[in-house]
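As a plain string of letters, each chain reads:
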Amino acid sequence: MIPIKPISADVAAALDHSGPARVATTYLKPGALSLTALPPLSLYVHFPWCVKKCPYCDFNSHEATGAFPEDEYLSALRADLEMALPLIWGRKIYTIFIGGGTPSLLSAAGLDRLLSDIRTLLPLDGAVEITMEANPGTFEAEKFKSYRTSGINRLSIGIQSFNPRHLQALGRIHDGDEARRAVDIAASNFDNFNLDLMYALPSQTLDEARQDVQTAISYAPPHLSLYHLTMEPNTVFAKYPPNVPDDDTSADMQDMIEQETSAAGYQHYEVSAYAQPKRQARHNLNYWQFGDYLGIGAGAHTKLSFPHRVIRQARYKQPKSYMEQMRLGNPIQEEKEITRDELGFEFMLNAMRLVEGVEVNMFAERTGMPLNAVERALNEAEAKGLLYRDHKTIKPTVLGQRFLNDLQEMFLAD
């Protein structure tokens, strides 16, 4: 935690010379909250292009028809980061996540340029975790060696399945052999990597889901992310729903995943996340513990804390619009201050995703409010057996984990 120090008149005057700095000083004025310390800060970098849009995907990704403007986009990212600096003066970056889209479409030189710009502009923690998402269909051994040399120290690979029939149903650009080759390349270049898998896929059986999980575990990845396929709004699957396993079969798959991962020594520490001892995803943990993050790039989201307020921002989503607005010096499409009524819900929305929950005092540290601000909801959730708390911890029960949406919604009215 970073203790909050009052801004001096001299510093305030110095900051007031530029537009972004003037904005920053407004955030430092008295407000509705009283935070005694700032949470850890992460950086998220969004790369918006992919080879092919998957039918289940609702992320801000856009098919790259031919070449994409790598140099122009990297210049926009640097300018975006420079413009945001007054909001995070003096704060260290503990984790970086480069997501998409398919960031592994970046050239080796482009990725090196991006990380060089970040190092030039930001103070990084000595043990900074730098994760990059990668699609097995874009794996080139030499390029990934270069990524590692440039500073990427954690890879997150979108496998989704090792079964070619299921990969085809999901619209993935890789097959089962390419998925295995990608994991081999990752394991030979990175000692820290994550495999993304999905289950409850179109026409998937319990045995097929088990085979996927066992195959993934056979590579001994430090981290596994196992997601239930969902029909997100505004996707092809939402418009044309495939035939997926029923609720009972999906529940059996969840039980199977719990058994297989536990037997292999993985800790189930978040709804969809499983890790070997001490190999949790630090970047994602910061989200779930209501830490701060600066997001740069098309459609990136930001959450930043100040002594008396917490704000959110969203960049322009379309890559072309983002780069045009960046040239005009205004990449922010939306900005709002989180109200006291919203803060309690937002904190619990994230914290209750963690199997072991959070320490009691973290609520006040991250929201600037006393815990009794959500006392009614805590009591109600505890009475229904969805939540456990004592003088040190607040966490979901096993029942609360199974009915997480119900547990989270209980904090909405507070």
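Residues numbered from 1 in each chain as written. Predicted model: local features only at pLDDT ≥ 70, side-chain atom pairs only at ≥ 80, totals over all residues. Heavy atoms only, no water.

Quick notes on the packing of aromatic side chains
- This model, assessed by the stated rule, comprises 14 aromatic pairs.
- With 6.3 Å between their ring centres and 15 degrees between their planes, F162 and Y219 make a pair best called stacked. One end of the pair, F162, is in the loop between β8 (154-160) and α6 (164-169); the other, Y219, is in the loop between α8 (206-218) and β10 (223-228), and 57 residues separate them in sequence.
- F162 sits in the buried class, given a relative accessible area of 3%.
- With a relative accessible area of 22%, Y219 lands in the partly exposed category.
- Where Y287 meets Y293, the ring centres are 4.7 Å apart and the plane angle is 75 degrees; that geometry is what we call edge-to-face.
- What makes Y287 partly exposed here is its relative accessible area of 22%. (Phe/Tyr/Trp six-rings, centres within 6.5 Å; stacked < 30°, edge-to-face > 60°. Helix = DSSP H or I, 4+ residues; strand = E, 2+ residues; numbered from the N terminus. Buried < 20%, exposed > 50% of the residue type's maximum accessible area, 1.4 Å probe, protein only.)

Section: the pairing of strand β14 (residues 301-306)
- Within β14, five of the six residues are buried, leaving the element largely enclosed by the surrounding structure.
- Relative to strand β15 (residues 309-315), β14 runs antiparallel, the two being bridged by six bridges. Paired with K303 across the strands is R312, a residue of β15.
- Between β14 and β15, which pair antiparallel and follow one another directly, the connecting turn spans two residues. (Pairing = 2+ DSSP bridges.)

Let's talk about the packing of helix α5 (residues 141-150) against helix α7 (residues 176-189)
- Relative to each other, α5 and α7 sit at 35 degrees, their axes nearing to 10 Å. Crossing of α5 against α7: the hand is right-handed. Contact with α5, carried on its side by A141, F144, K145 and R148, involves R181, I185 and N189 of α7 and no other residues of that element.
- Class assignment for the residues of the contact of α5 with α7 results in three nonpolar, one polar and three charged. (Axes fitted to C-alpha atoms, helices over the stretch in contact; angles between N-to-C directions. Left-handed = near helix turned anticlockwise from the far one by under 90°. Contact = heavy atoms within 4.5 Å. Nonpolar A, V, L, I, M, F, W, Y, C, P; charged D, E, K, R; others polar.)

Considerations on the sheet that holds strand β17 (residues 358-359)
- Strands sit in the order β17-β19-β18 across an open sheet of three strands; the sheet is antiparallel. At either end of the open sheet lies a strand with only one pairing partner, and these are β17 and β18 (387-389).
- Pairing of β17 with strand β19 (residues 393-396) involves two bridges; the strand directions are antiparallel. Across the sheet, residue E359 finds its bridge partner in β19, namely T393.
- Along the sheet, helix α15 (residues 375-383) makes contact with β18 and β19, crossing β18 at roughly 115 degrees.

A word on the environment of V374
- Considering the arrangement of structural elements, one finds V374 in the loop between α14 (360-367) and α15.
- When the C-alpha atoms of V374 and G344 are compared, they prove to be 6.4 Å apart, with 30 residues separating the residues in sequence.

With respect to the packing of helix α3 (residues 70-84) against helix α4 (residues 108-121)
- Contact pair α3 / α4: the axes reach a minimum separation of 10 Å and the direction vectors enclose 10 degrees. Considering the angle they form, α3 stands roughly parallel to α4. Crossing handedness for the pair α3 and α4: right-handed. Together, E70, D71, L74, S75, L77, R78, L81 and E82 of α3 and G110, R113, L114, D117, I118, T120 and L121 of α4 make up the contact between the two elements.
- Broken down by class, the residue content of the contact of α3 with α4 amounts to six nonpolar, three polar and six charged. (Parallel < 35°, antiparallel > 145°, perpendicular 65-115°, else oblique.)

Digging into the confidence of the model for the protein
- Summary statistics for the protein give a mean pLDDT of 91 and a share of 94% for residues scoring 70 or more.
- Ignoring residues within four places in sequence, the model shows residues 1-17, a span with pLDDT below 50, making 28 contacts including any to other chains. (pLDDT = per-residue confidence, 0-100.)

Here's the deal with a negative patch on the surface
- A cluster of like negative charges, contributed by D246, D247, D248 and D252, occupies part of the molecular surface.
- Here D247 shows up in helix α10 (residues 247-263).
- Classification of D247 as exposed rests on a relative accessible area of 67%. (Patch = residues over 30% accessible without salt bridge, like charges linked within 9 Å, V, L, I, M, F, W, Y side chains within 5 Å. Areas by Shrake-Rupley, 256 points an atom, 1.4 Å probe, with all protein chains shown as cover. Salt bridge = Lys/Arg side-chain N within 4 Å of Asp/Glu carboxyl O. Lys, Arg positive; Asp, Glu negative; His and termini not counted. Charge placed at Lys NZ, Arg CZ, Asp CG, Glu CD.)

Overview of α15
- Taken as a whole, α15 has its buried residues at A377, L378 and A381. Buried residues of α15, viewed axially, fall in a sector of 100 degrees; they line one side.
- For α15, the elements touching its buried residues are α13 (340-351), β18, β19 and α17 (404-409).
- At the C-terminal side of α15, G385 shows a positive phi close to 75 degrees. (Arc of directions from axis to C-beta.)

Considering the side chain of D117
- For D117, the location among the structural elements is in helix α4.
- A relative accessible area of 12% means that D117 is categorised as buried.
- A distance of 2.8 Å separates the side chain of D117 from the side chain of R78, its partner in a polar contact. (Polar contact = N/O pair within 3.5 Å; in protein donor to acceptor, adjacent residues only side chain to side chain.)

Regarding the nonpolar core
- Residues L43, I152 and L155 are the most contacted members of the largest nonpolar core, which totals 72 residues.
- Counting 35 residues, the second-largest nonpolar core is a separate cluster that includes Y269, L354, M362 and F411. (Core = buried A, V, L, I, M, F, W, Y, C linked by side-chain atoms within 4.5 Å.)

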